[in-house]
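Each chain, letter by letter, is given below.
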Amino acid sequence: MRLLPPLLLIGVIGCGPPPTMMSSCDDTFTGDAAQPPEAMIVVTDGVSPTLVDVVAGAEVPLMRPPQGGQVTYAAVRVRNMNRCGVSIRGRFRDPMNNAELGFDGRTIDLVVGSDGWLRPDALQLSEFTNVALCPNYSTTRDNQGLTTNLELTATDKKGHTVTVTQPVVPTCASADATERALCVCECNKLPASMVRSCAADADMSM
Amino acid sequence: MSRLMVVVALALAGCGGGGAEQLLDPPATSEGFQLNVPSFEVAAGDEVQNCYFFAVPGTPGSDVWVDHFKLAANLGTHHLNIFRVKTVVDLGGKPGDVVLSKNGMGPCFKSSNWADWPIVANTQDGGQTIDWPLPAGVGQKFTAGELLMLQIHFVNATTQMSPAGGRGAVNFYTMKAAPAMEMGTIFATNQNIRVCPGDTNRTYETHCKTPLSGATIFAANGHFHSRGNQFTMNVVDAQGADTLTAPFYTSTTWDEPPMARDLAIQIPDGGGVSWTCSFSADASACGNPSDSCCFTFGGKVETQEHCNAFVYYYPKVADYSCF
């Protein structure tokens with residue numbers, strides 16, 4: 001819509017302070033500038049404000065965010081990088097053919113942990129890539145319970161960048177059995193009919 | 001005349017002729033049908049989002065093919081979306097029912113209530129009528145008796161104003177025979193957005209992977225709120241790499257984003273659509289005072305943010321929702 005009439009616009013242009021757009025983040029470097037960036041994938045379940053390091057073969061939780069679908073909240077803890085406006089890109093790939101199964105990328109501000117590594121604020125799910133695997137529209141591959149490659153890349157504003165990949169098992173992890181059943185339904189491959197009614201299957205309908 | 005058309009006619013007969021009102025004559029019964037939203041008040045300082053339920057007219061169970069839309073909404077509309085009703089969680093109704101919601105509260109504001117409801121069509125252009133014929137040989141299929149929900153959102157506050165109140169209408173023009181190809185839709189939303197005072201060009205990008213083959217995007221538009229700087233869409237290959245050197249859709253206008261309607265963008269087989277939003281917030285701005293004044297995911301324009309993509313394609317395999 002047209003918010004302001006022309007005369008008012010002229011008045012706004014002619015007076016008043018310019019908009020302030022200063023970042024509140026102090027873009028400090030953490031680590032050893034002589035060393036390349038190092039990274040470890042971390043995930044959270046979106047319920048407890050804790051980070052879990054991801055090792056090869058680990059189960060990573062699939063959880064339901066507000067709008068819908070099922071995502072893994074994944075990020076990295078890193079060192080030898082700057083901390084503000086860091087681009088993180090999270091991606092699941094099919095280990096059989098390297099096809100992308102889900103992707104989320106965003107800019108975040110990292111905080112310094114007591115161990116000297118930078119990490120996301122575990123209280124803010126916006127500081128994690130929300131990598132969606134479900135609803136799964138494939139008719140050939142389940143997106144939960146199978147080994148899947150989780151790839152994270154972090155790049156700071158100075159150009160320091162690091163990528164780490166781990167084979168993981170995305171797992172429907174809600175403590176609520178109904179939510180968990182809904183997750184499994186949404187994440188499994190579509191039936192040949194291409195028709196699925198997960199909410200009804202999971203007794204979520206009202 | 002069907003029950004729906006009776007309701008439409010009564011609503012039109014009763015409406016006022018305010019100069020800023022966007023009126024749309026319904027099609028002749030033989031040419032189609034109209035979903036009509038009668039005038040409603042949007043008081044100063046308010047955001048009103050209402051959900052209207054309609055049934056597709058016709059002999060119950062029969063196919064209804066549509067190849068042309070006209071969408072109209074009063075000046076100040078934030079959006080007008082039409083969905084097919086699927087799983088009812090906390091928002092539902094019979095044909096003719098209305099669910100009223102205001103200022104971010106109520107079931108018509110809670111997006112999880114329509115998480116699996118496919119988008120049918122949308123407009124974000126206030127104060128004008130969008131004439132949208134589909135590409136030749138393409139139609140959207142409905143079933144007579146099928147339940148649709150028209151959601152319309154007006155803001156009369158600091159970011160947008162609605163001088164004539166709320167009102168909207170959508171005409172569906174029907175086809176005499178099935179077309180060569182069916183239209184499909186993709187609705188994609190980016191979750192857990194958080195834009196805080198002082199943030200500059202904070203970006204969110206997501207990919208919507210679909211098992212499409214030989215699909216062509218013919219229309220698209222993006223949606224965000226007033227912290228949005230730029231909205232772009234591209235197509236990605238099976239590995240997730242952008243395949244176009246420049247986005248096929250770019251919007252730098254949050255309140256009247258363009259609706260691209262003459263596209264011919266191929267989705268790579270096994271690929272999908274990527275969409276990216278960039279946000280900035282003035283250091284003095286305040287969204288949620290209890291969350292460091294940050295603007296987080298939600299439908300309230302004044303204090304929350306969205307990053308939603310609407311994509312229209314053919315031939316249809318399914319209607320997709322991506323998160």
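We now examine the state of the cysteines. Note on terminology: disulfide describes a covalent bond linking the sulfur atoms of two cysteines. Residue and element names in this part refer to chain A. For the structure shown, the criterion picks out nine disulfides over all chains. The partner cysteine of Cys185 in its disulfide is Cys198, sulfur to sulfur 2.2 Å. Taking the sign of the torsion about the S-S bond as the criterion, the disulfide between Cys185 and Cys198, at about -85 degrees, is left-handed. A residue pair is termed long-range when its members are at least 10 positions apart, and Cys185 in helix α2 (residues 177-187) and Cys198 in helix α3 (residues 198-201) qualify at 13 residues. Taken as a pair, Cys185 and Cys198 share a single burial class, namely buried. Taken N- to C-terminal, the disulfide-bonded cysteines of chain A are connected 1-2, 3-7, 4-5, 6-8.

All right, on to the sheet that holds strand β12 (residues 184-189) of chain B then. All names here are of chain B. One open sheet accounts for five strands, arranged β18-β15-β22-β12-β23; its pairing is mixed. At either end of the open sheet lies a strand with only one pairing partner, and these are β18 (265-267) and β23 (320-322). The average angle at which neighbouring strand axes cross in this sheet is 30 degrees, direction not considered. Pairing between β12 and β23: three bridges, direction parallel. Of the residues in β23, the one forming a bridge with Phe187 is Ser321.

This part takes up the nonpolar core. With 49 residues, the main nonpolar core has B:Phe69, B:Ile82, B:Trp132, B:Leu150, B:Ile152, B:Phe172 and B:Tyr312 as its most contacted residues. The residue makeup of this core includes at least three contributed by each of domain 1 (3-179) and domain 2 (184-322) of chain B. With sequence-adjacent residues up to four places away left out, B:Trp132 is seen in contact with B:His68, B:Phe69, B:Leu71, B:Ala121, B:Met183, B:Phe218, B:Ala219, B:Met259, B:Arg261 and B:Tyr312. Judged by nonpolar contacts, the second largest core, of 39 residues, contains A:Tyr137, B:Phe279, B:Ala309 and B:Tyr313.

A sheet is described by the order of its strands in space; here nine strands give the open sequence β4(A)-β13(A)-β12(A)-β7(A)-β8(A)-β14(B)-β19(B)-β16(B)-β17(B), paired in mixed fashion. Each edge of the open sheet is held by one strand with a lone partner, namely β4 (59-62) of chain A together with β17 (249-251) of chain B. In this sheet, neighbouring strand axes are inclined to one another by 20 degrees on average, regardless of whether the strands run parallel or antiparallel. Pairing of strand β14 (residues 202-209) of chain B with strand β19 (residues 272-279) of chain B involves eight bridges; the strand directions are antiparallel. Residue pairing in the sheet places B:His207 in a bridge with B:Ser274 of β19(B).

This part covers α2(A). Listed as buried for α2(A) are A:Leu182, A:Cys183, A:Cys185, A:Glu186 and A:Cys187. Near the N-terminus of α2(A), the side chain that reaches the backbone nitrogen of A:Thr178, with its oxygen 3.0 Å away, is that of A:Asp176.

Glancing now at the pattern of salt bridges. Taken as a whole, this structure holds 23 salt bridges over all chains when the rule is applied. One salt bridge in this structure joins A:Arg64 and A:Glu186, with 3.2 Å as the shortest N-O distance. Residue A:Arg64 is located in the loop between β4 and β5 (70-79), and its partner A:Glu186 is located in helix α2; the two are separated by 122 residues in the primary sequence. One salt bridge in this structure joins B:Lys316 and B:Asp319, with 3.1 Å as the shortest N-O distance. According to the relative accessible area criterion, B:Asp319 is buried, its value standing at 16%. Each of A:Arg91, A:Arg93, A:Glu100, A:Glu151 and B:Lys209 takes part in salt bridges that share partners, so that together they form one network.

Cut-offs and rules
Counting restarts for each chain, with residues numbered from 1 along the sequence as it is written. As a convention, the first chain written is A and the first ligand written is 1, with the rest following in written order. Under the rules for a predicted model, residues below a pLDDT of 70 receive no local features and side-chain atom pairs below 80 are neither given nor counted, while totals for whole chains, interfaces and linings still include all residues. Hydrogens and water are ignored here; the side-chain numbers use all heavy atoms of the structure. Note that a disulfide, as used here, is simply two cysteine sulfur atoms within 2.5 Å. For the purposes of this entry, the term helix denotes a DSSP run of H or I that reaches at least four residues, the term strand denotes a run of E that reaches at least two, and both are numbered from the N terminus. Note on exposure labels: buried denotes an accessible area under 20% of the residue type's maximum, exposed denotes more than 50%, and partly exposed covers the range between, all computed with a 1.4 Å probe on protein chains only. Should DSSP find at least two bridges between two strands, the strands are regarded as paired. Angles run from 0 to 180 degrees between N-to-C directions of axes, and those axes are lines fitted to C-alpha atoms, restricted for helices to the stretch in contact. Here the nonpolar core consists of buried residues drawn from Ala, Val, Leu, Ile, Met, Phe, Trp, Tyr and Cys, with membership extended through side-chain atoms lying within 4.5 Å. Per the annotation, domain bounds derive from an automatic or database assignment of domains. Note on contacts: a residue pair qualifies if any of its non-hydrogen atoms lie within 4.5 Å across the two residues. A 3.5 Å cut-off defines polar contacts: any pair of N or O atoms within that distance qualifies, except that in protein one atom must be a possible hydrogen donor and the other a possible acceptor, and neighbouring residues in sequence count only when both atoms are side-chain atoms. A side-chain nitrogen of Lys or Arg and a carboxyl oxygen of Asp or Glu constitute a salt bridge if their distance falls within 4 Å.

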